[in-house]
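# Summary of the model geometry
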Amino acid sequence: MSSVDTTPADTDGLVTIFRRVLETDDVAADSDFFLLGGDSLIATRVLSAVARNYGVELSFEDFVLAPTPAGLVELIAAAG
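Now for a quick tour of the structure. A quick note: this is a predicted structure, and the numbers were derived from the prediction, not measured.

### Examining helix 4 (residues 69-79)
The set of residues buried in helix 4 consists of Pro 69, Gly 71, Leu 72, Val 73 and Ile 76. Those residues of helix 4 that are buried lie in contact with helix 1 (11-22), helix 2 (40-54) and helix 3 (60-65).

Structure below.
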């Protein structure tokens, strides 16, 4: 059994992750990561933070299909 924190995902938590990795405060729940300047390399930082904070391993393809904080919250909830 892993000792990963499995805090329930919420939009505010994902917005905070996006803001940190993109180094901008201009992020809302429906902000598209890639339109904000994110790329595949930076996306790995988001995916790592999701795994660390929520105990859910999402793929890059998952992220591409739901590139917003609100979309990722839905994927995390569905996976948990």
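More follows now that the structure is in view.
### Side note on the packing of helix 1 against helix 2
Where helix 1 contacts helix 2, the two axes come as close as 10 Å, and the packing angle between them is 140 degrees. As for how helix 1 packs across helix 2, the hand of that crossing is right-handed. Residues Gly 13, Leu 14, Ile 17, Phe 18, Arg 20, Val 21 and Leu 22 of helix 1 form the contact with helix 2, whose participating residues are Ile 42, Arg 45, Val 46, Ala 49, Val 50, Arg 52, Asn 53 and Tyr 54.

### Quick word on the packing of aromatic side chains
Overall, the coordinates contain 6 aromatic pairs when judged by the stated rule. On the basis of an interplanar angle of 75 degrees and a centroid distance of 5.5 Å, the ring pair of Phe 18 and Phe 33 is categorised as edge-to-face. Of this pair, Phe 18 sits in helix 1 while Phe 33 sits in the loop between helix 1 and helix 2, and the two are 15 residues apart along the sequence. Using a relative accessible area of 0% as the deciding quantity, one classes Phe 18 as buried. Since its relative accessible area comes to 0%, Phe 33 is described here as buried. Aromatic pair Phe 33 and Phe 63: ring centres 4.8 Å apart, planes at 75 degrees, arrangement edge-to-face. Of this pair, Phe 33 sits in the loop between helix 1 and helix 2 while Phe 63 sits in helix 3, and the two are 30 residues apart along the sequence. Of the two residues examined, Phe 33 and Phe 63, each falls in the buried class.

### Observations regarding the side chain of Ser 31
Looking at the element boundaries, Ser 31 is found in the loop between helix 1 and helix 2. Judged by its relative accessible area of 12%, Ser 31 falls in the buried class. In this structure the side chain of Ser 31 is engaged in a polar contact, spanning 2.7 Å, whose partner is the backbone nitrogen of Ala 28. Residues in contact with Ser 31, not counting those within four places in the same chain, are Phe 18, Asp 26, Leu 36, Pro 67, Thr 68 and Pro 69.

About the thresholds
Residues numbered from 1 in each chain as written. Predicted model: local features only at pLDDT ≥ 70, side-chain atom pairs only at ≥ 80, totals over all residues. Heavy atoms only, no water. Buried < 20%, exposed > 50% of the residue type's maximum accessible area, 1.4 Å probe, protein only. Helix = DSSP H or I, 4+ residues; strand = E, 2+ residues; numbered from the N terminus. Contact = heavy atoms within 4.5 Å. Axes fitted to C-alpha atoms, helices over the stretch in contact; angles between N-to-C directions. Left-handed = near helix turned anticlockwise from the far one by under 90°. Phe/Tyr/Trp six-rings, centres within 6.5 Å; stacked < 30°, edge-to-face > 60°. Polar contact = N/O pair within 3.5 Å; in protein donor to acceptor, adjacent residues only side chain to side chain.

Read these as geometric descriptors, not functional statements.
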